[in-house]
Amino acid sequence: MQRARVTHSTMSSRVWLPVLLVSSLLTPHSSLLWSAETAGVYVDGSGARHPWRIDSNDMLHWRGQPFVPVGGMFCFRYLSEFEERDVPGNEARWKGDLEILDRVERAGIRHLYVNPVNPATRFGASVWNHCLEELERRRFEYGIELTDGPERGMDGYLLGGVGWGWSVARAGGSTAASVRLTWEMEFGQLPRAIELLAVTPDGRAGRISLPSTRAATLVAGLPAWAAHPQTRFIPRVEAPKGFNVPDLWGGYGEYERRLLRLLSGLKLGPGLRFILDPFTNEMNYHGLTAHMLPAASEFREELEKWLRAKYKGRRLTAWRAWGGRGRAPEWAVMARLLPVPARPQFVDPETALVLPADCAKSGALEDLRMFRDASVGRFVSRLSERLRRDVADVPIVLKHTGRFARYMVCSTVDGIGIEAWGHDKAALARTAGPPFALLRHRERLAPRGSGAARPTGWLPVTETAPDPSPHGLPPGYPSREAMFSHLDALLGLGARGFYLFALRPLPEELLPDFCLYQDPRQLAWIAEYQRGLGRAPRAALLSTRPPFRFRDAQAGPGLRVSGWKTGRSPALAPVELQGALMVLPRYRLSDR
């Protein structure tokens, strides 16, 4: 067993000063007074030390030199399709992988990250090591994507949103009634129904068991007390895992042990540079989970402590902030409450207690979403710190896609990966802008005058690709100029490294337009772009931070219930371009 020894620190050379005004144009990084740097020392399996740091320009430095990789995502078919009993098939897949690696190496490309396609722990350390040792032998500089996590998707209460619906049907003139629930498919899967929480117009509540199934349509009989047409329902479901935030609260411990068992057996050499997506691939709140609150008791216990701290132990203050009426419930009860859709009420799913509230003035959903994101951020920090301490002290990077993920601001993650698709500059800005904004928000949240600061973060492009090629044409970019223009646009938007999704993705049969290794010209252009980063004008783009400013933004779709306002905490982060200026939305991010 070879395990890399680790040490990790965050350095701050001066007191952070409040120079980041949210309404003013910021100057290039060289004139900023904020200078905290994330840093560490990776000790490889042979004992060699590799110091690294991330500067205030979002750039990673490795052994004292800027590290701005230009390469791609690489999927080993040997790894992703490994079958213990299929020795001839494994050998054939490995031979194909080596042939493709030969092409990449001959072209002069040195930077890859390994995407296992399936969860990392599906494969033993020996299977991983077969691939990593080959990369080390060829002296590639590489990252490892884990794309794993707890076994279950989020188990929680669905408070609103799209993707599901219900209707009550009566059988003829009788009082018997049933509820019909419909679900949309997510990531090729359907949610698993657990139970319904029903609240009647007269304030009666109770739980209704559901068949544990993943059917697209589910019909369940209703007891007489719940058969009123104005009864409101809150389903408890297990969302598909997919790219969603999984059940971190109920499943984190098991996952951490399973992951560390694998990683402790890896032979990590001098070529390792980072670990990507320690949980699910592109983890975020998608589909149903954007409108869910976790049901795990661990979530509620942590929420109770958070509420006590936020409101300084004043229950009545907290209850009034939530729009509650009458006597304030105990903290443990308050932490269990769910807002009833389109009703001025809370319901306790454990005791079926229904409490009145003034929905128009309630800050409950804002608190619940703020805490949920902060809680996810703590899980990200916990696993990142464990990996750096016990596996390899290298940057831990999360891919960002879609929603503005506040948990990335709340965590100690070392980098945020840009997922940028297509060729239009404005479209690229809309995908590059949110990761850039997340790092800027970390600066805005730095404690003023204390000497402490939020750590710096690396900003690589972890996936990018051109529009699909027309039928019959080679995959990839139509010309060298098109590729360079694409990467230049991202460089100007703050990118500090490039990994092209299309270098060698899997399954190839589903991605015929994205296999760049099939075209030697594409590989040669990637290597040429790498060599040109040290020359003008690209060197100048790398040495300065893009000019930007913050503006107020309207709230996008997120955790909301009909009739309940979620405050100024949007789930989506629009980005506007004004000439060379990137305008980023301003958010209310009071959770640190």
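See the structure printed just above.
Overview of the structure.

Reading guide: rules and limits
- Residues numbered from 1 in each chain as written.
- Predicted model: local features only at pLDDT ≥ 70, side-chain atom pairs only at ≥ 80, totals over all residues.
- Heavy atoms only, no water.
- Pairing = 2+ DSSP bridges.
- Helix = DSSP H or I, 4+ residues; strand = E, 2+ residues; numbered from the N terminus.
- Axes fitted to C-alpha atoms, helices over the stretch in contact; angles between N-to-C directions.
- Expected span 1.5 Å × (residues − 1).
- Buried < 20%, exposed > 50% of the residue type's maximum accessible area, 1.4 Å probe, protein only.
- Contact = heavy atoms within 4.5 Å.
- Salt bridge = Lys/Arg side-chain N within 4 Å of Asp/Glu carboxyl O.

1. Thoughts on the sheet that holds strand 9 (residues 155-158)
Across a sheet, paired strands are connected by hydrogen bonds in the backbone, their directions being either parallel or antiparallel.
Piece 1. A sheet is described by the order of its strands in space; here five strands give the open sequence 13-12-15-9-17, paired in antiparallel fashion. On the outer flanks of this sheet lie strand 13 (205-209) and strand 17 (292-294), each paired with one strand and no other. Ignoring which end each strand starts from, the neighbouring axes of this sheet average 25° apart.
Piece 2. One ladder, built from seven bridges, connects strand 12 (residues 192-199) with strand 15 (residues 232-238); its direction is antiparallel. Across the sheet, Ala198 pairs through a bridge with Phe233, a residue of strand 15.

2. A short note on the sheet that holds strand 18 (residues 338-339)
Piece 1. Strands sit in the order 18-19-20 across an open sheet of three strands; the sheet is antiparallel. Pairing within the sheet leaves two strands with one partner each, and these edge strands are strand 18 and strand 20 (354-356).

3. Brief notes about helix 5 (residues 297-310)
Piece 1. Between the first and last C-alpha of helix 5 there are 20 Å, a value that for 14 residues agrees with the 20 Å anticipated at 1.5 Å per step.
Piece 2. Taken together, the buried positions of helix 5 are occupied by Phe299, Arg300, Leu303, Glu304, Trp306 and Leu307.
Piece 3. Looking at the buried positions of helix 5, the neighbouring elements they touch are strand 9, helix 4 (248-263), strand 17, helix 7 (331-334), strand 18 and helix 8 (364-390).
Piece 4. In the stretch just after helix 5, Lys312 is the one whose phi turns positive, near 55°.

4. Some details on the pattern of salt bridges
Piece 1. Applying the stated rule across the entire model yields 39 salt bridges.
Piece 2. Across the pair Asp155 and Arg236 runs a salt bridge whose closest N-O atoms are separated by 2.8 Å. With Asp155 in strand 9 and Arg236 in strand 15, the pair connects residues that are 81 residues apart, well separated along the chain.
Piece 3. Asp155 sits in the buried class, given a relative accessible area of 7%.
Piece 4. Arg504 is paired through a salt bridge with Glu508; the nearest N and O atoms lie 3.0 Å apart. Just as Arg504 is buried, Glu508 falls in that class too.

5. What about unusual backbone geometry?
Piece 1. That bond from Leu506 to Pro507 is cis: its omega, -5°, falls within 30 degrees of zero.
Piece 2. Positionally, Pro507 belongs in the loop between strand 24 (498-504) and helix 12 (520-531).
Piece 3. Of note, the amide linkage connecting Ala536 to Pro537 takes the cis form, showing an omega dihedral of 0°.
Piece 4. In this structure, Pro537 sits in the loop between helix 12 and helix 13 (538-543).
Piece 5. Positive phi, normally seen in glycine, also occurs at Arg139, with a value near 60°.
Piece 6. If you trace the backbone, Arg139 turns up in the loop between helix 3 (125-137) and strand 8 (141-145).
Piece 7. Positive phi, close to 65°, is recorded for Ala352, a residue that is not glycine.
Piece 8. Exposure remark for Ala352: the relative accessible area of 26% places this residue in the partly exposed category.

6. Focus on the pairing of strand 24
Piece 1. Counting buried residues along strand 24, seven of its seven residues qualify, which places the element largely inside the surrounding structure.
Piece 2. Two strands pair when backbone bridges link them, and strand 6 (residues 70-74) and strand 24 are joined in this way by four bridges, in the parallel orientation. What sits directly across from Gly71, in strand 24, is Tyr499.

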